[in-house]
Number of protein chains: 2
Amino acid sequence: MPLTAISDRAVLDNIVGRVEAIKAVDEGLFEVSVGLSVATSGMEAGQLFNMLFGNTSLHPEVMLKDAVFPDELLAAFGGPRHGISGLRQRVGAGIRALTCSALKPQGSSARELAELARQLARGGLDFIKDDHGLADQVYSPFAERVPRIAEAVREARANDGGRTCYLPSLSGNLDQLRRQVELARAEGIDAVLIAPMVTGVSAFHTIVRENPDFAFMTHPSMAGAARIAPPLLLGKLFRLLGADATVFPNYGGRFGYSQDECRELAKAALARWSKFPATVPVPAGGMTLDRVAEMLEFYGLDVIVLVGGGLLSAGTRITQETAAFVDAVVRHQTA
Amino acid sequence: MPLTAISDRAVLDNIVGRVEAIKAVDEGLFEVSVGLSVATSGMEAGQLFNMLFGNTSLHPEVMLKDAVFPDELLAAFGGPRHGISGLRQRVGAGIRALTCSALKPQGSSARELAELARQLARGGLDFIKDDHGLADQVYSPFAERVPRIAEAVREARANDGGRTCYLPSLSGNLDQLRRQVELARAEGIDAVLIAPMVTGVSAFHTIVRENPDFAFMTHPSMAGAARIAPPLLLGKLFRLLGADATVFPNYGGRFGYSQDECRELAKAALARWSKFPATVPVPAGGMTLDRVAEMLEFYGLDVIVLVGGGLLSAGTRITQETAAFVDAVVRHQTA
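What you see as residue numbers is a count from 1 along each chain, following the sequence as written. The lettering of chains begins at A and the numbering of ligands begins at 1, in the order of writing. Under the rules for a predicted model, residues below a pLDDT of 70 receive no local features and side-chain atom pairs below 80 are neither given nor counted, while totals for whole chains, interfaces and linings still include all residues. The basis for every side-chain value is the complete set of non-hydrogen atoms in the structure, without hydrogens or water.

> Run through the domain arrangement of chain A, naming residues and quoting values.
Residue and element names in this part refer to chain A. When cut into domains, chain A gives domain 1 (3-77) and domain 2 (82-333). Each domain span listed reflects an automatic or database assignment of domains. In this structure, domain 1 and domain 2 have C-alpha centres spaced 32 Å apart. The contact criterion used throughout is that any non-hydrogen atoms of two residues lie within 4.5 Å. Listed per partner, the contact involves 22 residues of domain 1 and 19 residues of domain 2. Summed over both partners, the accessible area lost on bringing two parts together, with a 1.4 Å probe, is the buried area. Of the roughly 1,600 Å² buried between domain 1 and domain 2, counting both surfaces, carbon and sulfur atoms make up 68%. When the buried surface of domain 1 facing domain 2 is broken down by residue, Phe49, Leu74 and Phe77 rank first, second and third, together holding 39% of it. The salt bridge definition used is simple: a Lys or Arg side-chain nitrogen within 4 Å of an Asp or Glu carboxyl oxygen. For the pair domain 1 and domain 2, the number of links is one salt bridge. One salt bridge connects lysine 236 with aspartate 66, and the closest N-O pair in it is separated by 3.0 Å. In protein, a polar contact means a hydrogen-donor-capable atom and an acceptor-capable atom, both N or O and within 3.5 Å, with residues adjacent in sequence counting only if both atoms are side-chain atoms; elsewhere, any N or O pair within 3.5 Å suffices. For the pair domain 1 and domain 2, the interface holds 12 residue pairs in polar contact (both at pLDDT 80 or more). What counts as a helix is a DSSP run of H or I of at least four residues, what counts as a strand is a run of E of at least two, and both are numbered from the N terminus. Taken together, the elements giving at least two residues each to the side of domain 1 that touches domain 2 come down to α2 (45-53) and α3 (71-77). A per-element tally of the side of domain 1 that touches domain 2 places α2 first, with six residues. When residues are sorted by character, Ala, Val, Leu, Ile, Met, Phe, Trp, Tyr, Cys and Pro go into the nonpolar class, Asp, Glu, Lys and Arg into the charged class, and all the rest, Gly among them, into the polar class. Class assignment of the residues belonging to the side of domain 1 that touches domain 2 gives a composition of 15 nonpolar, three polar and four charged.

> Account for the relation of the copies chain B and chain A, with residues named and values stated.
Relating the two copies of this chain is a rotation about some axis coupled with a shift parallel to it. For these two chains of identical sequence, chain B goes onto chain A by a turn of 180° and a shift of 0.0 Å along the axis, with RMSD 0.1 Å. The superposition of one copy onto the other is thereby described by a two-fold rotation axis. Residues of chain B ranked by C-alpha distance from the rotation axis are headed by Gly200(B), positioned 2.0 Å from it. Counting the interface residues of chain B, we find that 100% of their copies in chain A are interface residues as well, pointing to one common contact surface. A residue counts toward the fit only if its pLDDT is at least 70 in both copies, and the copies are then superposed by least squares on the C-alpha atoms of those residues.

> Can you explain the interface of chain B and chain A? Please cite residues and give values.
If you look at the interface, chain B gives 65 residues, while chain A gives 65 residues. Taken together, both faces of the contact between chain B and chain A bury some 5,000 Å²; the carbon and sulfur share is 62%. Of all residues in chain B, Met1(B), Leu58(B) and Met222(B) give up the largest surface area on contact with chain A, accounting jointly for 14% of the area buried on that side. Inspection of the chain B/chain A interface yields two salt bridges.

> Give a detailed account of the sheet that holds strand β8 (residues 245-249) of chain B, specifying residues and quantitative values.
Residue and element names in this part refer to chain B. Taken in spatial order, the four strands line up as β6-β7-β8-β9 in an open sheet, and their pairing is parallel. The open sheet has two edge strands with one neighbour each: β6 (191-194) and β9 (280-284). In this sheet, adjacent strand axes meet at a mean angle of 20° when their direction is disregarded. Two strands are counted as paired when DSSP detects at least two bridges linking them. Comment: axis = line fitted to C-alpha atoms, over the contacting stretch for helices; angle = value between 0 and 180 degrees taken between N-to-C directions.

> Tell me about the environment of Leu87(A), and please be specific about residues and values.
Tracing the backbone through its elements, the reader meets Leu87(A) in helix α4 (residues 83-90). Once residues lying within four places of it in the same chain are set aside, the contact partners of Leu87(A) are Phe127(A), Ala215(A), Asp244(A), Ala245(A), Val280(A) and Ile304(A).

> An account of unusual backbone geometry is needed here, citing residue identities and associated values.
Cis geometry is adopted by the peptide bond preceding Pro105(A), which originates at Lys104(A) and carries an omega value of 5°. Checked against the element boundaries, Pro105(A) lands in the loop between β3 (98-103) and α5 (110-122). For Met43(B), which is not glycine, the phi dihedral falls at a positive 50°. Looking at the element boundaries, Met43(B) is found in the loop between β2 (29-35) and α2 (45-53). Even without a glycine there, the phi angle at Ser274(B) is positive, about 50°.

> Explain the packing of helix α10 (residues 230-241) of chain A against helix α11 (residues 259-270) of chain A to me, using residue names and the numbers behind them.
All names here are of chain A. Their axes nearest at 8 Å, the elements α10 and α11 cross at an angle of 15°. As the angle between them shows, α10 and α11 are arranged roughly parallel. You can see that α10 and α11 cross each other, and the crossing is right-handed. Each of Pro230, Pro231, Leu234, Gly235, Lys236 and Arg239 in α10 lies in contact with α11, whose residues at this interface are Glu261, Glu264, Leu265, Ala268, Ala269 and Leu270. Across the contact of α10 with α11, the residue classes tally to seven nonpolar, one polar and four charged. Reported orientations rely on four angle classes, namely roughly parallel under 35 degrees, roughly antiparallel over 145, roughly perpendicular from 65 to 115, and oblique for the rest. Helix crossings get a hand from a simple test, with the near helix turned counterclockwise from the far one by less than a right angle marking a left-handed crossing and a clockwise turn marking a right-handed one.

> Could you give an account of empty space enclosed by the protein, with specific residues and numbers?
Both site types are read off a 1 Å grid over the protein atoms alone. A 1.4 Å probe that fits but cannot get out defines a cavity, while an open set with protein on both sides within 12 Å along at least five of seven lines defines a pocket; lining residues have an atom within 4 Å of a point. Grid points are joined across faces, edges and corners, and a volume is the space filled by probe spheres set on the points. Applying the stated criterion to the full structure yields five cavities of 30 Å³ or more. The computed volume of the second largest cavity comes to approximately 70 Å³. Together, Gln47(A), Asn50(A), His132(B), Ser169(B), Leu170(B), Ser171(B), Leu193(B), Ile194(B), Ala195(B), Val198(B) and Thr199(B) line the second largest cavity. For the lining of the second largest cavity, the secondary-structure elements that each account for two or more residues are α2 of chain A together with β6 and α8 (196-199) of chain B. Broken down by class, the residue content of the lining of the second largest cavity amounts to five nonpolar, six polar and no charged.

> Report on a nonpolar patch on the surface, specifying residues and quantitative values.
Residues and elements named next belong to chain A. Each patch is assembled from residues with relative accessible area greater than 30% and no salt bridge, linking like charges that lie within 9 Å and nonpolar side chains (Val, Leu, Ile, Met, Phe, Trp, Tyr) that lie within 5 Å. In this description, accessible areas are obtained by the Shrake-Rupley approach with a 1.4 Å probe, and a residue is regarded as covered only by the protein chains that are shown. Together, Val19, Ile22, Phe30, Val32, Val34 and Leu36 make up a nonpolar patch on the protein surface, roughly 570 Å² of accessible area in all. Those elements that provide at least two residues to the nonpolar patch are β1 (18-26) and β2 (29-35). When you line up the elements, leucine 36 lands in the loop between β2 and α2. Relative accessible area serves as the criterion here: at 41%, leucine 36 is assigned to the partly exposed category. Partly exposed residues are those whose accessible area sits between 20% and 50% of the maximum for their type, while under 20% is buried and over 50% is exposed, using a 1.4 Å probe and protein chains only.

> Give a detailed account of the environment of Asp8(B), specifying residues and quantitative values.
Of note, Asp8(B) is situated in the segment before α1 (9-14). Polar side-chain contacts of Asp8(B) include one of 3.0 Å to the backbone nitrogen of Ala10(B).

Here it is as structure tokens:
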């Protein structure tokens, strides 16, 4: 909008974005701070992203690096409800790092996935999540898969005094997300996986607000497409909308995030911020048992360590391998 | 998922992605064709994106260049319903290029936007759309803005025998999108603007399917530039989900799309594809009257030319300037 075409003084004073600082950080690279009007967000998640990076995402040479929000906006969006203490509570863990694995591959039947969940749960994992690729496909429909897996996990932990929390993966439009939450709740489930950049941030935020009893682990699928700095998007923005835990590709795995990006992401997720509980960092993506010690040194104990394929490759030894992973994480706390 | 961890033959044969070709196209740059199972999409828009580029979007050096779909999938998603002929019909135009402008700035009251719409409509525009930044903010709530603007546009064209079609911008979650469509329908409106990467593609596709009488113009906000090729995302994928017209940044404007990208995008939007009507290309982003002739030479007559700020800058001469724009486009057809 050409400024010369704006005749309304109030719009010029209160609505138009304002360049507040320009700092050269490298040859041809500038850090530019732009002040935006809170009112333009309409306090709605999609419109917030629209204002932060909508048209600017179309400029190939611009990255959205960080955002600072006033209290009014933080209160309106609400942040996480459970955070790390709520997640530890769900699995009866004290102050220690938590463990997680994933159910895959796609194409498996609900029965096969439930059997896999049983073997993983017997190894004593804190969390088992659906792979984010498990949606509502004909080979394992949500309504069949989730009750079977929930039952298998309950049975596996019935006699050892431990608790494993199963997180089904939500997908589809808002109607489908709501139905899936109700199906999950009927199985005694109170935590789910969701990929906000796949479902849309508006749908994610709506589901969070409507279900205060549920904890939400976010998945980064499609999050790389928009060139928003991962610490901002997966740490801060997902936290603002209500992520209790945030999955992201750990450095040195299958994906290209750097050590610095991972450190900054975890910092953004855990930092003191308004009255928000901390969002738990969930480094993942090709992690293996032999990296557990290093990861705990790097992230500390406020972390969920997610090993997926590394366990699934163990074949018939999957329960033992899982137990070894759990043991390595739990032992580390007293090291 | 390590392939060695998959024991199910049917999964290996039918579900696992398959590298079908690798072609070196430049120093260190390869074109890789990957075959994916249609079943993994669950025939749901979000999950389709999840499969096409979900985790791969996290690799900074990979771009999603193109996708080819089988008839089964095309039929399930459905494509546009109105396309260029439906849009021409709405405004009573023959085979000629169409004209469009946008209502802004944000922060204006509903009354001010309606007055602007009146002046633009008097100039004889085919389409007037809300700026994609107009959501449901306190300064011009959707429920107040849309009836006022619709009325102003109707009045402006009441006596000159012409038709101007007003497209309000939809935003928010699926509940809000549905309410907004109903509000629009009550005003006799049958075309809207929507930004699928802001609302989420699932919500966009749901609204399209639920409202076969409405035409949908898509906006590229949050669509990025560098990671999913614009011809694929804004041309092909938005068309698959039901876009009747697709706004994109024209080359040589405020944004960085190249001439080749724009040509490919328009080609993807207009190409023969299944039984889908053509999606109309809407080049935009800092366009001015003096580029009309060049744009029509470049895009041909199956196009909606969108001039926003270029008209709004005309101040009190806005109606005359609009009429000149309309005249330049309409005259071109007989040139």
